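Here's the letter readout for the chains.
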Amino acid sequence: MPSRPLRFLAGPEAMARIRAEGLHEGLFDVVAGASGGPKWLALTRLDRAIFGRWFRDRDRPLHMVGSSIGCWRFTCVAQRDPVEACRRFEEAYLGYVVEPAPGNPITAARLTEDCRQLLAIILGEGGAHEVLSHPSMRLSILAVRGRGMLGRDHPLSLGSGLAAAAIANAVSRRSLPLFFERTLVHDTRDDPPFDLASGFATHAVPLTPGNLTAALLATAAVPFLFQPVPALEGGKPGLYLDGGIMDYHLDIPYRAPGLVLYPHFSDRVVPGWFDKALKWRKAAPANLSRTLLLCPSREFLAGLPHGKIPDRGDFTKLPTAARHTYWKRVVAETERLVDAFNEAVEKQNVPDLLEPLCR
């Protein structure tokens, strides 16, 4: 039997419900989105299919919670025309050029300004209003506020603080609040979709048209690569950094009654940024119990150019023209993921395709 390009991985509760009811959009109350930089390109066409058709006529709130690029994706799909917003984002991202030039070296300030301009393309003239007035989509953005040494925008202070946080995290993730405060910037029309009282203490900030761009810059502010966000309207004073530091792939306790849909570029859920190299550090099974994770199969990935999806290393390992060609080929190949999703939904055979997520 030929391998399938798309996998359907389900936690125990999600598996039981899908096997009992089949797969339909009414099962879900939450959509999750991970950090991962250019890896999101594996999901751009799947986002168009899911939000452009499946959730298009949603008549009750759908919470979208994520960090970094996951929130940028959700900012597209929460607009009036999600397919067009996704197209703008994809086109601008695939065409991005960053090369040093005389008098214009590649710096964190330059990359941050590039991100600001990219967000302006994503949002267009009325995108911020559309996101915050959408009849069903509710956006939640995860970032962190630096504490102690990580509250000072100085290379030595940031470097020392990150090194100390990495060492402490290797012993226990519970140490992270010594260095960072999780911040949730969310649409206040409905309660956030996870328990703020468990796991890491979380400071909630209302999402507004005035702080949307700052929150999106903050959640993607990888230390040293981009500038920290020095102020967030409605938030505490301090420096705001990449939400993936604490919530890389979203190991969080969801509390919405429905299931969690998680279009992901990997079959691994890595709790935090510092856990990427810690193979023993896994998400809590209870947090994944109601999750349906969609991801490319390993066979699909192996058949791509370079045998992988795009990642941030491509910027330094490949010349710009070669990177553009490679990324565009990968995005074209991901149409197979869309075909596999649509076919499974139309044939109503998803219950037969389910694999266990919690192992």
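Because the structure is a prediction, the values reported are computed rather than measured. Residue indices follow the written sequence of each chain, beginning from 1 at its first position. Under the rules for a predicted model, residues below a pLDDT of 70 receive no local features and side-chain atom pairs below 80 are neither given nor counted, while totals for whole chains, interfaces and linings still include all residues. Side-chain figures throughout are based on the complete set of non-hydrogen atoms in the structure, without hydrogens or water.

Some details on the environment of L225
By definition, any uninterrupted DSSP run of H or I lasting at least four residues is a helix, any uninterrupted run of E lasting at least two residues is a strand, and each is numbered from the N terminus. Within the element layout of this structure, L225 appears in the loop between α8 (212–219) and β7 (240–241). Of the residues examined, L225 reaches a relative accessible area of 28% and is grouped as partly exposed. C-alpha of L225 to C-alpha of I106: the two residues are 119 residues apart in sequence and 9.7 Å apart in space. Throughout this description, buried means an accessible area under 20% of the type-specific maximum (1.4 Å probe, protein chains only), exposed means over 50%, and partly exposed covers the range between.

A few points about the UniProt feature "domain: PNPLA" (unreviewed entry) in the protein
UniProt positions are given in the numbering used here, feature names are shortened, and annotations may be inferred rather than shown by experiment. When the UniProt feature table is mapped to this numbering, "domain: PNPLA" (unreviewed entry) covers residues 55–247. With 36% helix and 16% strand, residues 55–247 has its two end C-alpha atoms placed 25 Å apart.

Regarding the side chain of N287
Assignment of secondary structure puts N287 in helix α9 (residues 285–288). Distance and chemistry together define a polar contact, namely a pair of N or O atoms within 3.5 Å, with one atom able to donate a hydrogen and the other to accept it when in protein, and with adjacent residues in sequence counting only for side-chain atoms on both sides. At 2.7 Å, the side chain of N287 forms a polar contact with the side chain of D251. Contacts between residues were defined by any pair of non-hydrogen atoms, one from each residue, lying within 4.5 Å. Excluding anything up to four places from it in sequence, N287 contacts D251, I252, P253 and Y254.

Some thoughts on the packing of helix α12 (residues 320–333) against helix α13 (residues 335–347)
A fitted line through C-alpha atoms represents every axis, and for helices the fit uses only the stretch in contact; the resulting angles, taken between N-to-C directions, go from 0 to 180 degrees. The N-to-C vectors of α12 and α13 enclose an angle of 10°; their axes lie 4 Å apart at closest approach. As the angle between them shows, α12 and α13 are arranged roughly parallel. Only E335, R336 and L337 of α13 make contact with α12, whose side of the interface consists of V331, A332 and E333. Taken together, the residues of the contact of α12 with α13 break down into three nonpolar, no polar and three charged. In this scheme, roughly parallel covers angles under 35 degrees and roughly antiparallel covers those over 145, while 65 to 115 is roughly perpendicular and the rest are oblique. Under this grouping Gly is polar, as are all residues other than the nonpolar Ala, Val, Leu, Ile, Met, Phe, Trp, Tyr, Cys and Pro and the charged Asp, Glu, Lys and Arg.

Section: the pairing of strand β8 (residues 259–263)
For β8, a buried count of five out of five residues is recorded, marking the element as mostly surrounded by other parts of the structure. Of the two faces of β8, the one carrying L259, L261 and P263 and the one carrying V260 and Y262 are both buried. With three bridges joining them, strand β2 (residues 28–33) and β8 adopt parallel strand pairing. Opposite F28, over in β8, you have L259 as the bridge partner. Alignment of β8 against strand β9 (residues 291–296), held across four bridges, turns out to be parallel. Residue pairing for β9: P263 is matched across the bridge by L294. When DSSP finds two or more bridges between two strands, those strands count as paired.

Details of unusual backbone geometry
One non-glycine residue with positive phi stands out, namely F224, at about 75°. One non-glycine residue, H306, lies in positive phi territory at about 65°. Mapping H306 onto the fold places it in the loop between α10 (298–302) and α11 (314–317).

Some thoughts on the packing of helix α5 (residues 108–123) against α8
Interhelical geometry of α5 versus α8 gives an angle of 130° and a closest axis separation of 11 Å. Relative to α8, the element α5 is oriented oblique. Relative to α8, the crossing made by α5 is right-handed. Contacts between α5 and α8 pair T112, C115, R116, L119 and L123 from the former with L212, T213, L216 and L217 from the latter. A breakdown of the residues in the contact of α5 with α8 according to their chemical character gives six nonpolar, two polar and one charged. By convention the crossing between two helices is left-handed if the near helix lies anticlockwise of the far one by an angle smaller than a right angle, and right-handed if it lies clockwise.

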